[in-house]
Amino acid sequence: QNKEYVCRGHDYERLEAFQQRMLSEFPQAIAMQHPNHPDDSILQCDAQYLQIYAVTPIPDNIDVLQMDRVPDRIKSFYRVNNIRKFRYDRPFHKGPKDKENEFKSLWIERTTLTLTHSLPGISRWFEVERRELVEVSPLENAIQVVENKNQELRTLISQYQHKQMHGNINLLSMCLNGVIDAAVNGGIARYQEAFFDKDYITKHPGDAEKITQLKELMQEQVHVLGVGLAVHEKFVHPEMRPLHKKLIDQFQMMRSSLYH
């Protein structure tokens, strides 16, 4: 009763399939459809409840992941193995919600779960030993979103540069399109409106360093996208040339709006 575990699902198992598997093992259980922490009425009742949601691993071996000379295959192993801490984020709005730009009030409630043992281990699941909860401000959240996207782009581009991904350029096309399209139609532009505004800077003098960090990450994203488009041009199939041209045009718009 009132126990919490992190479980490693089967390879390529979708969350829905895992939920069905657990519910078939506990046929009397009522599935909770939200990831919010259960209140006392649920914790103290006689009925059986099951709450299942996905968590993100927090790697211990950060040094290995930051080394340039370590191959991506080894890095991808350390991202999901020998993990004792996991994270879950719940977005919420604090204060009045800005209809024009929701990023201004979008906070993240971040829960970190520490297990009794590292996963994977002798078992596929271990009990949660400690739970910590912190609130991430809208600006800190923006920094992390851009930083993670830059990392994802760099890893993918590196795989194509080192011929680890053969022939099929679709994954790179999708990733570049997703970032550039979001940047032109919102995304980065929304961050600029929210955090580089004189009004915000005046009201939050303590955020100057973080604002600079976000600007640098955005400029880095422009550089990484430039490298990605050069790689894309080299491998793109003739039939996909119109998409490549669209990406180049949108990228120029994004770059000029950023520098502006």
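Rules used in this analysis
Residues numbered from 1 in each chain as written. Predicted model: local features only at pLDDT ≥ 70, side-chain atom pairs only at ≥ 80, totals over all residues. Heavy atoms only, no water. UniProt positions renumbered as here; feature names shortened; annotations may be inferred. Helix = DSSP H or I, 4+ residues; strand = E, 2+ residues; numbered from the N terminus. Expected span 1.5 Å × (residues − 1). Buried < 20%, exposed > 50% of the residue type's maximum accessible area, 1.4 Å probe, protein only. Core = buried A, V, L, I, M, F, W, Y, C linked by side-chain atoms within 4.5 Å. Contact = heavy atoms within 4.5 Å.

- You'll find the chain entered in an unreviewed UniProt entry as DOCK3 protein, with Trogon melanurus given as the organism.
- Heading Sequence similarities (unreviewed entry) of the UniProt record for the chain holds this comment: "Belongs to the DOCK family."

Here we look at helix H9 (residues 208-235)
Next, step 1: Taking 1.5 Å as the rise per residue, H9 with 28 residues should run 40 Å; its terminal C-alpha atoms sit 41 Å apart, in good agreement.
Next, step 2: For H9, the complete set of buried residues consists of Ile 211, Leu 214, Leu 217, Met 218, Gln 221, Val 222, Val 224, Leu 225, Gly 228, Leu 229, Val 231 and His 232.

Quick word on the nonpolar core
Next, step 1: Residues Leu 153, Leu 172, Phe 195, Leu 214 and Leu 225 are the most contacted members of the largest nonpolar core, which totals 32 residues.
Next, step 2: When residues of this core are traced back to their parent elements, those giving at least two are helix H5 (138-161), helix H6 (170-184), helix H7 (187-195), H9 and helix H10 (241-259).
Next, step 3: Among the elements that take part in this core, H9 stands out by supplying 9 residues, more than any other.
Next, step 4: Apart from residues no more than four positions distant in its own chain, Leu 214 is found in contact with Leu 139, Ala 142, Ile 143, Val 146, Tyr 191, Phe 195 and Phe 196.
Next, step 5: Counting 8 residues, the second-largest nonpolar core is a separate cluster that includes Leu 113, Leu 115, Leu 119 and Val 128.

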